Amino acid sequence: MNIDSKLFRFFLRSPWSLLIFFIIPLIVILSVIFHIKLPLAGSKYPLLLNNVCFTLFLFSRFLYTLLGIKKSIRYGSGDGMPRRSVELACPTDAARKTLADAGFLFDTSGNYGEKRETGYLGTVLLYAGLFFVLFTGSLDNLFQFSGTIRDGIGVPTDLKMLDAYKKVSVGPVTTDLSTLPKMRIIGQFFPDDTYPRGATEVVFQFNDGKERTVILKSPEPFKAGAYDIYMSKMVYEPKLAITIDGSKLVFNGRVLLDQLPENENGFSFYGTFAEGVIDGKVYYQPEKSRLRVVVHQGRQQLLDTELLFQKDRLSRSANFAVACETMGVWSEIYVVHRRHMSLIYLGGVLAVIGLLMRVMIRPQRVWLEETGEGCRVRAVGNDAEKRLKAEG
């Protein structure tokens, strides 16, 4: 392999080659910002493949820089030579001797030299940290699993079954879910000062026949092997029927209510619905089973009424009638394969330390070229020029 070839230098030395691996993430970001469909943006696998290739790329750079620590010439004369030069009256041999006495090491040609500095170790740490972050993250994505379940009090739900999940994301080499238990909800708690996002009392039934009763509350997870099980929130789902003039049905369906950041006139849950030309807002206060329904047609408000679930059969307002037939009370449970975040943070710390070392400690490199009246000096870092000018 020709280590001084332009291709070799581009991939293992040039910072510009890093931009190749930002193309696919940029496409994904642009597709989200501008709400347009771009190639490769709708699939997770091109992004995952990009990260895996980026990981291998960083490993090759880390290995290359690591092997260069013991070399007397680490950077080489092939790239990075500045255009700016300084003409000195001293001969090349004298300039070389002055710099060698100051700690510069020269290659076999004697025209290029560099000084050993700890900033190079910063480059090694930078690539090591970035590789650590990308390797750990890519490995976690390969074995990724995350799923959301909406469940209520009743029969056990087998967390090993993908059909049990409303939403699920599975990595390409995700292991089986056989270690996950069955889950049976036996109690639910309204959001209050003790449980700001509510809580759920569950019984976990494990494969070995053991059971464990746990109160799940956000954001504390229950650890089941390599998986974390959270309760993300409580949700309510009333089934509403809205009629006009006693017979015409304008809405008949379920409305999912999420918790509001702050209570609004006593209501802590809120959801919306749309049917034809009407838009609706639904508010709910679990403590009093108080339900408020607001309906608009464009800017015109058609309905604003309240009723108590299981007490009021229906609520009338003008020529509208609102009935709440059932109320689903669900705990939203989130199951995720645990990520190795401590290792990612460690890699990030190494990368930051390496970057600071590289920025603060500049390379000291010099190129000497003999001229008729002395020598021409090109330098990276100011040490070489300073010493040669001091020598006159």
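For the structure, see preceding data.
Residues numbered from 1 in each chain as written. Predicted model: local features only at pLDDT ≥ 70, side-chain atom pairs only at ≥ 80, totals over all residues. Heavy atoms only, no water.

### Some points on the overall build of the protein chain
- Counting its regular elements, the protein chain contains seven helices and 21 strands.
- Whereas a compact globule of 392 residues would reach a radius of gyration of roughly 21 Å, the protein chain reaches 33 Å, over 25% beyond that.
- For the protein chain, the spread of C-alpha atoms along the principal axes amounts to about 105 × 60 × 40 Å.
- Taking contacts inside the protein chain between residues at least 6 apart in sequence as the whole, the part at least 24 apart equals 58%.
- The average position of the 48 basic charges and that of the 39 acidic charges among the side chains of the protein chain differ by 3 Å. (Helix = DSSP H or I, 4+ residues; strand = E, 2+ residues; numbered from the N terminus. Rg over C-alpha atoms; globule rule 2.2 N^0.38 Å. Contact = heavy atoms within 4.5 Å. Lys, Arg positive; Asp, Glu negative; His and termini not counted. Charge placed at Lys NZ, Arg CZ, Asp CG, Glu CD.)

### Notes on a nonpolar patch on the surface
- Residues Leu 7, Phe 10, Phe 11, Trp 16, Leu 19, Ile 20, Phe 22 and Ile 23 make up a contiguous nonpolar surface patch of about 820 Å² in total accessible area.
- A total of three residues in the nonpolar patch trace back to one element, the largest contributor, which is helix α1 (residues 6-12).
- Relative to the helices and strands, Phe 11 resides in helix α1. (Patch = residues over 30% accessible without salt bridge, like charges linked within 9 Å, V, L, I, M, F, W, Y side chains within 5 Å. Areas by Shrake-Rupley, 256 points an atom, 1.4 Å probe, with all protein chains shown as cover. Salt bridge = Lys/Arg side-chain N within 4 Å of Asp/Glu carboxyl O.)

### Things to note about the nonpolar core
- Counting 42 residues, the largest nonpolar core has Leu 159, Phe 204, Leu 216, Ile 229 and Ile 242 as its most contacted members.
- Per element, the largest residue contribution to this core is eight residues, and it comes from strand β11 (residues 227-244).
- The residues touching Leu 216, leaving out its near neighbours within four places in the chain, are Ala 199, Thr 200, Val 202, Phe 204, Phe 222, Ile 229, Met 231 and Ile 333.
- Counting 16 residues, the second largest nonpolar core, distinct from the first, contains Phe 54, Ala 128, Phe 131 and Val 380. (Core = buried A, V, L, I, M, F, W, Y, C linked by side-chain atoms within 4.5 Å. Buried < 20%, exposed > 50% of the residue type's maximum accessible area, 1.4 Å probe, protein only.)

### Points about the side chain of Arg 290
- Looking at where Arg 290 falls in the secondary structure, it is placed in strand β16 (residues 290-297).
- Here the side chain of Arg 290 touches Glu 306 through a polar contact of 3.0 Å, side chain to side chain. (Polar contact = N/O pair within 3.5 Å; in protein donor to acceptor, adjacent residues only side chain to side chain.)

### Examining the environment of Lys 281
- One can find Lys 281 in strand β15 (residues 278-285).
- C-alpha separation for the pair Lys 281 and Lys 6, spaced 275 residues apart in sequence, amounts to 64 Å.
- Each residue touching Lys 281, except ones within four places of it in the same chain, is listed here: Tyr 270, Gly 271, Thr 272, Phe 273, Arg 292, Val 293 and Val 294.

### Details of helix α4 (residues 92-101)
- For α4, the complete set of buried residues consists of Thr 92, Ala 95, Thr 98 and Leu 99. Within α4, the buried residues cover an arc of 125° as seen down the axis, which keeps them to one side. For α4, exposure combined with an orientation more than 90 degrees from the buried face picks out Asp 93, Lys 97 and Asp 101.
- Looking at the packing, one finds that the buried side of α4 touches β2 (104-106), β20 (364-370), β21 (375-380) and α7 (383-390).
- A positive phi of about 105° marks Gly 103, the residue just after α4. (Arc of directions from axis to C-beta.)

### Quick notes on unusual backbone geometry
- Residues Ser 218 and Pro 219 are joined by a peptide bond in cis, for which omega reads 0°.
- Counting through the fold element by element, Pro 219 comes out in the loop between β9 (211-217) and β10 (222-224).
- Of note in this structure, Gln 310 is not a glycine but carries a positive phi near 70°.
- Relative to the helices and strands, Gln 310 is located in the loop between β17 (300-308) and β18 (315-317).

### Regarding the layout of surface pockets
- By volume, the largest pocket amounts to about 710 Å³.
- Surrounding the largest pocket, 25 residues form its lining, Arg 13, Ser 14, Pro 15, Tyr 75 and Tyr 127 being those nearest its centre.
- Contributing elements (two or more residues each) for the lining of the largest pocket: α1, α3 (44-67) and α5 (119-142).
- Looking at the lining of the largest pocket residue by residue, the classes come out as 13 nonpolar, four polar and eight charged. (1 Å grid on protein atoms, 1.4 Å probe; cavity = no way out; pocket = protein on both sides within 12 Å on 5 of 7 lines; lining within 4 Å. Points joined across faces, edges and corners; volume = space filled by probe spheres on them. Nonpolar A, V, L, I, M, F, W, Y, C, P; charged D, E, K, R; others polar.)

### Comments concerning the pattern of salt bridges
- Counted under the stated rule, the structure contains 19 salt bridges.
- A salt bridge links Arg 292 to Asp 304; the nearest nitrogen and oxygen atoms lie 2.9 Å apart. One end of the pair, Arg 292, is in strand β16; the other, Asp 304, is in strand β17, with twelve residues separating them in the sequence.
- A relative accessible area of 18% places Arg 292 in the buried class.
- It is possible to trace a salt-bridge network through shared partners that takes in Glu 87, Glu 369, Arg 376 and Arg 378.

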